[in-house]
Amino acid sequence: MLSLKPLPPNHNPSLLHSLTPFTPPFPRTQTLKPSKHASPPSAIQSALQWNRKPELAGETPRVVVITSGKGGVGKTTTTANIGISLARLGFSVVAVDCDVGLRNLDLLLGLENRVNYTLVEVLNGDCRLDQALVRDKRWSNFELLCISKPRSKLPLGFGGKALVWLVDSLKQRPEGSPQFILIDCPAGIDAGFITAITPANEAVLVTTPDITSLRDADRVTGLLECDGIRDIKMIVNRVRTDMIKGEDMMSVLDVQEMLGLALLGAIPEDSEVIRSTNRGYPLVLNKPPTMAGLAFEQAAWRLVEQDSMQAVLVEEEPKRRGLFSFFGG
Ligand SMILES: Nc1ncnc2c1ncn2[C@@H]1O[C@H](COP(=O)(O)OP(=O)(O)OP(=O)(O)O)[C@@H](O)[C@H]1O
Ligand SMILES: [Mg+2]
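Model, not experiment: these values are computed from the prediction.

J.: Can you help me understand helix α12 (residues 291–305) in this one?
T.: Since there are 3.6 residues in each turn of an α-helix, residues three or four apart along the chain are aligned in direction. Under the 1.5 Å per step criterion, the end-to-end length of α12 is 21 Å for 15 residues, consistent within 8% with the ideal 21 Å. Downstream of α12 by one or two residues, Gln-306 has phi in the positive range, about 55°.

In structure tokens form, the structure reads like this:
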């Protein structure tokens, strides 16, 4: 059962964790603090090793569903930012907005005016698949596909088979199969959820560190496993170190212990996320980079390389409270 566990007396509620696969019991002593003698870290230099491209682990296309159970926890934000990060790293990406009737991935990417056709119209024979794929303005190796028009209902007979057909068709495109197909799943666990997870062989579970989101995430983990999706990683979103320090919010470590999933990333609460959502400009493209943007980039890197990246998220020294810095291991 999920519960908000009391913290041990000497527990340092830091956000930081080594992003290694979950191996219970998780060693609390792995908490890293910047050394007093070390030179101050430069966020970008330490976050990503820009001088090399990560090597793709696993077969392609990697079909990854981004899901959560609870609504509004950051699935679409995660899809947009991880998708664009992957494209910037040179991988070909197709992001599928599976939120029927309430799509908004196109808005986050600033592509809403370019969506002329959707998958429903492709399946109806009204257009070709390539006409429904919308190329990003900035990264031509990133394409968006919406399932249906805004406010429309899931057509009768539309289900997982349609998405399996889609993945097969994308694999057979003359220009070659995309390396990543990211599926932005609708909230809940009803028909839309079942449809979205059907073609996936991996999942990214997005949760916030609160008990309602965690309970839904736990339930969704069970459903994913039932469906045969065993490769499930989690993003803990909207993390606030000030609240963790005040013991008003669960730490990422507590979330990880509760769900027992490998940690793909811990994304801080950041008002820049909302600003970038409203501008239709993915956060990871911001200059100078923001902490949440860097955390998404780090998560994308880790998704590519599976478990090979030794990345950690470290708290700043107290006088720079509220900011985080990232260290590459
Ligand atoms: N790290 C963050 N910091 C601040 N705001 C955030 C963060 N992540 C997401 N948000 C905000 O939370 C809101 C919901 O995010 P988003 O649309 O990505 O969630 P969702 O899980 O896709 O929702 P739905 O279930 O409705 O599809 C948005 O306004 C977004 O800007
Ligand atoms: Mg969404």
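Picking up after the structure, the text goes on.
J.: Whenever I open this one, the nonpolar core confuses me. Can you help?
T.: Soluble globular proteins tend to bury their nonpolar side chains together. Counting 85 residues, the largest nonpolar core has Val-64, Leu-182 and Ile-183 as its most contacted members. Examining the composition of this core, we find that 10 residues originate from one element, α12, more than from any other. Not counting chain neighbours up to four residues away, the residues in contact with Val-64 comprise Phe-180, Leu-182, Ile-183, Ala-200, Glu-202, Ala-203 and Val-204.

J.: For this particular structure, what's the right way to read the site of ligand 1?
T.: Around ligand 1, 19 residues are found, and the nearest of them are Gly-71, Lys-75, Thr-76, Thr-77 and Ala-187. Elements that contribute at least two residues to the shell around ligand 1 include exactly α2 (75–88), β7 (231–239) and α11 (271–279). Its residues assigned to classes, the shell around ligand 1 shows six nonpolar, eight polar and five charged.

J.: It is not clear to me how unusual backbone geometry should be interpreted in this structure. Could you clarify?
T.: A negative phi angle is the norm for most residues apart from glycine, just as the trans form is the norm for most peptide bonds. Along the chain, Thr-60 connects to Pro-61 via a cis peptide bond; the corresponding omega equals -5°. When you line up the elements, Pro-61 lands in the loop between α1 (43–47) and β1 (62–67). The omega torsion across Lys-287 and Pro-288 is -5°, close enough to zero to call that bond cis. Note that Pro-288 resides in the loop between α11 and α12.

J.: What should I look at first to understand the packing of α2 against α12 in this one?
T.: Two quantities define a packed helix pair, namely the angle between the axes and the distance from one axis to the other. In the contact formed by α2 and α12, the axes pass within 8 Å of each other and the chain directions differ by 65°. Read as a crossing pair, α2 and α12 show a hand that is right-handed. Side by side, α2 and α12 meet where Asn-81, Ile-82, Ser-85 and Leu-86 of the first sit next to Phe-296, Glu-297, Ala-299, Ala-300, Leu-303 and Val-304 of the second.

About the cut-offs
- Residues numbered from 1 in each chain as written.
- Chains lettered and ligands numbered in written order.
- Predicted model: local features only at pLDDT ≥ 70, side-chain atom pairs only at ≥ 80, totals over all residues.
- Helix = DSSP H or I, 4+ residues; strand = E, 2+ residues; numbered from the N terminus.
- Expected span 1.5 Å × (residues − 1).
- Core = buried A, V, L, I, M, F, W, Y, C linked by C-beta atoms within 7 Å.
- Buried ≥ 20, exposed ≤ 12 C-beta atoms within 10 Å, placed from the backbone.
- Contact = placed C-beta atoms within 7 Å.
- Near = placed C-beta within 6 Å.
- Nonpolar A, V, L, I, M, F, W, Y, C, P; charged D, E, K, R; others polar.
- Axes fitted to C-alpha atoms, helices over the stretch in contact; angles between N-to-C directions.
- Left-handed = near helix turned anticlockwise from the far one by under 90°.

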